[in-house]
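Remarks on the overall topology
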Amino acid sequence: MFSSLRVRNYRLFASGQVVSNVGTWMQRIAQDWLVLVLTDNNPVALGIAAALQFLPTLMFSLWAGVLADRLDKRKLLIGLQAGIATSALVLGLLDVTGVVQVWHVYVLCFVLGAFSAVEVPTRQSFVVEIVGRDQVTNAVALNSTSFNLARIIGPAIAGVMITLVGTGWLFLGNAVFTVAVIVGLVMMDPAKLIRGPRLDRAKGQLRAGLRYVWGRPDLMTVMVLVFFVSTFGMTFFVSLAVVAANVFQRDAAGYGLLSTTLAVGTLAGALVAARRSGRGRPRTRLLLVAAFGFGVLEVVAGLMPSYLTFALALVPVGFAVMTFMTTANATVQLAVSPEMRGRVMGLYMLVFVGGNPIGAPMTGWLADTWGGRSPFFVGGAVAAGAALVCGLVLLRRGGVKLPARVRGLRILRRG
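Residues numbered from 1 in each chain as written. Predicted model: local features only at pLDDT ≥ 70, side-chain atom pairs only at ≥ 80, totals over all residues. Heavy atoms only, no water.

1. Quick notes on the overall build of the chain
The condition is simple: Under the scheme used here, helices are H or I runs from DSSP no shorter than 4 residues and strands are E runs no shorter than 2 residues, and both carry numbers assigned from the N terminus. Radius of gyration here uses only the C-alpha atoms, and the compact-globule reference equals 2.2 Å multiplied by the residue count raised to the power 0.38. Buried means the residue's accessible area, taken with a 1.4 Å probe over protein chains only, is under 20% of the maximum for its type, while exposed means over 50%, and partly exposed covers the values in between. Note on contacts: a residue pair qualifies if any of its non-hydrogen atoms lie within 4.5 Å across the two residues.
For the chain, the helix and strand inventory stands at 16 helices and zero strands. Over its C-alpha atoms the chain spans a radius of gyration of 21 Å, differing by no more than 12% from the 22 Å that the globule rule assigns to 415 residues. With the C-alpha coordinates of the chain rotated into their principal frame, the extents come out at 70 × 55 × 40 Å. Looking at the 415 residues of the chain, the share that counts as buried comes to 56%. Residue pairs at least 24 apart in sequence account for 87% of intrachain contacts in the chain once pairs closer than 6 positions are excluded.

2. What about the nonpolar core?
Rules: Within this scheme, the nonpolar core is defined by two criteria: the residues are buried Ala, Val, Leu, Ile, Met, Phe, Trp, Tyr or Cys, and they are joined through side-chain atoms within 4.5 Å.
Among the nonpolar cores identified, the biggest contains 87 residues, and Leu225, Phe294, Phe310, Phe324 and Tyr348 are the most heavily contacted of them. When residues of this core are assigned to their parent elements, the largest contribution, 14 residues, is made by helix H12 (residues 307-335). Discounting residues that sit within four places of it in the chain, Phe294 has contacts with Val229, Gly233, Met234, Phe236, Val317, Ala320, Val321 and Ala383.

3. Considerations on the packing of helix H4 (residues 102-131) against helix H5 (residues 136-165)
Put simply, the rule is: Note on definitions: angles span 0 to 180 degrees between N-to-C directions of axes, and those axes are lines fitted to C-alpha atoms, for helices only across the stretch in contact. Any angle between 65 and 115 degrees counts as roughly perpendicular, while under 35 counts as roughly parallel, over 145 as roughly antiparallel, and the rest as oblique. Note on convention: the crossing is left-handed when the near helix lies turned anticlockwise from the far helix by less than a right angle, right-handed when the turn is clockwise. Nonpolar residues are Ala, Val, Leu, Ile, Met, Phe, Trp, Tyr, Cys and Pro. Charged residues are Asp, Glu, Lys and Arg, and all others, Gly as well, are polar.
Between H4 and H5, the least distance of the axes is 9 Å, while the angle of their chain directions is 125 degrees. One finds that H4 runs oblique with respect to H5. The way H4 lies across H5 gives a crossing that is right-handed. Two secondary-structure elements touch here, H4 through Val127, Val128 and Val131 and H5 through Val136, Ala139 and Asn143. Considering only residue class, the contact of H4 with H5 consists of five nonpolar, one polar and no charged.

4. Concerning the side chain of Thr178
Heads up, the condition is: By the criterion applied in these results, polar contacts are pairs of N or O atoms within 3.5 Å in which, for protein atoms, one can donate a hydrogen and the other can accept it, and in which residues neighboring in sequence qualify only through two side-chain atoms.
When you line up the elements, Thr178 lands in helix H6 (residues 168-187). Accessibility expressed as a relative area gives 1% for Thr178, which makes it buried. A polar contact of 2.7 Å, which involves the side chain of Thr178, links it to the backbone oxygen of Asn174. Once you skip the residues sitting within four places of it in the chain, Thr178 turns out to touch Ser20, Gln81, Ile84 and Ala85.

5. Points about the pattern of salt bridges
So the rule is basically this: One side-chain nitrogen of Lys or Arg within 4 Å of one carboxyl oxygen of Asp or Glu is enough to make a salt bridge.
Scanning all chains against the criterion turns up two salt bridges. The closest approach of N and O atoms between Lys73 and Glu129, which form a salt bridge, is 2.9 Å. Highlighted residues: Lys73 in helix H3 (residues 73-96) and Glu129 in helix H4, separated in sequence by 56 residues. This pair shows no difference in class: Lys73 is buried, exactly as Glu129 is.

6. Details of the packing of aromatic side chains
Condition: Paired rings are identified among Phe, Tyr and Trp, the last through its six-membered ring, by centres lying within 6.5 Å, and are further divided according to the angle between planes into stacked (under 30 degrees), edge-to-face (over 60) and tilted (the rest). A ring has a charge above it when a Lys NZ or an Arg CZ is no more than 6 Å from the ring centre and no more than 35 degrees off the ring normal.
Applying the stated criterion to the full structure yields eight aromatic pairs. On the numbers, 6.1 Å between centres and 20 degrees between planes, the contact of Phe228 with Phe232 is stacked. Taken as a pair, Phe228 and Phe232 lie in helix H8 (residues 217-233) at a separation of four residues, close to a single helical turn. Its relative accessible area of 33% is what places Phe228 among the partly exposed residues. When the centroid spacing of 5.8 Å and the interplanar angle of 45 degrees are considered together, the rings of Phe248 and Phe310 count as tilted. Of this pair, Phe248 sits in the loop between helix H9 (236-247) and helix H10 (252-276) while Phe310 sits in helix H12, placing them 62 residues apart in sequence. The exposure class assigned to Phe310 is buried, which follows from its relative accessible area of 2%. Connected via pairs of aromatic rings, a cluster forms that spans Phe248, Tyr307, Phe310 and Phe376. Of note, Arg28 hangs over the ring of Trp25, and the distance from its end group to the ring centre comes to 4.5 Å.

7. Here we look at a nonpolar patch on the surface
Our working rule: The patches described consist of residues with a relative accessible area above 30% and no salt bridge, like charges being joined within 9 Å and nonpolar side chains (Val, Leu, Ile, Met, Phe, Trp, Tyr) within 5 Å. Accessible surface is estimated by sampling points in the Shrake-Rupley manner with a 1.4 Å probe; for residues, cover comes only from the protein chains shown.
A cluster of nonpolar side chains, contributed by Leu89, Leu93, Val96, Val160, Leu164, Val165 and Trp169, occupies part of the molecular surface with about 660 Å² of accessible area. When residues of the nonpolar patch are traced back to their parent elements, those giving at least two are H3 and H5. Given the relative accessible area of 38%, Leu89 is considered partly exposed.

Next up, the structure:
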């Protein structure tokens, strides 16, 4: 389960990520709650903030993939993490001094999103340079484990700290925690990195990456499925805050608890994925089943009548969505050639995160117009439907096979 941790460079990388991810989740909860406080619980304003944070992904992630293929990824990540820490520091100072306004949050959401748009595909493609192809599935799963362990700890801390000291100190804390990633990257041994061929500067490299993915039906199917699931189904950063405040009339601690129960499920899913990584490359069938199961479970969660039952229903939702995410990420990383990895991961992050400028305002509008539960119904239906359509396309192209028992039933029916 933890085989990637035998690599010293990966231990340094993962340790920094654990600390930084706690700060990231503290800031995410604090930022959502700050927007709600500044706008008198307006879900549309919350959707706008989320959209501004993810909008730069639409603008920069493809070019970020080109940069990741051209430049030293470790040095690039050090600079990007410094920018992320500075963004958190500025927002924290504005908040603790009492001068913060909602437009300040909007501007810094965009600035943070710009750094993240370049950092995420660079970090994703850097993992294989740290551990090699044989361990990349395990490393992706452990990264998800780290992220979701922080997703349990961070919101729980944030919910209590917002009540005690307000949101500003959480932004400052995230600025300090981000330094842990920089320290881990600096302490790595560059000579032990398994670098792919460096891409020389030339015209048409972005188009070449897009043509590469377009000519791979297996990659195209994963990209399409990821777009629909993430854009319409994985809108928890908006929908959970709205459900906590407007449906169940809970405070920041109640919102933090919902995020924590969701993270319990995603952590379990990540650990199972790490355990399963020793069985070889992930299967497309698992990807489709996880996406469909996530959609169904999200609809079921939306039907829960009480705060407690809703919180408990988020655990299997988290398990299903994390199984989907880790399988999709590992599938893409293992399917591409090394010289294309940065550009393909840039496109992957574009479809994974880039739909949020659509999904976040849509979620806020749905919650405002049809009630706080409606995003779960719509998002779950879209995710399940996308999985069915992609599964049928792959069946016709031979990209996925039915289990032997199901194939036997089809043969008997035809006979």
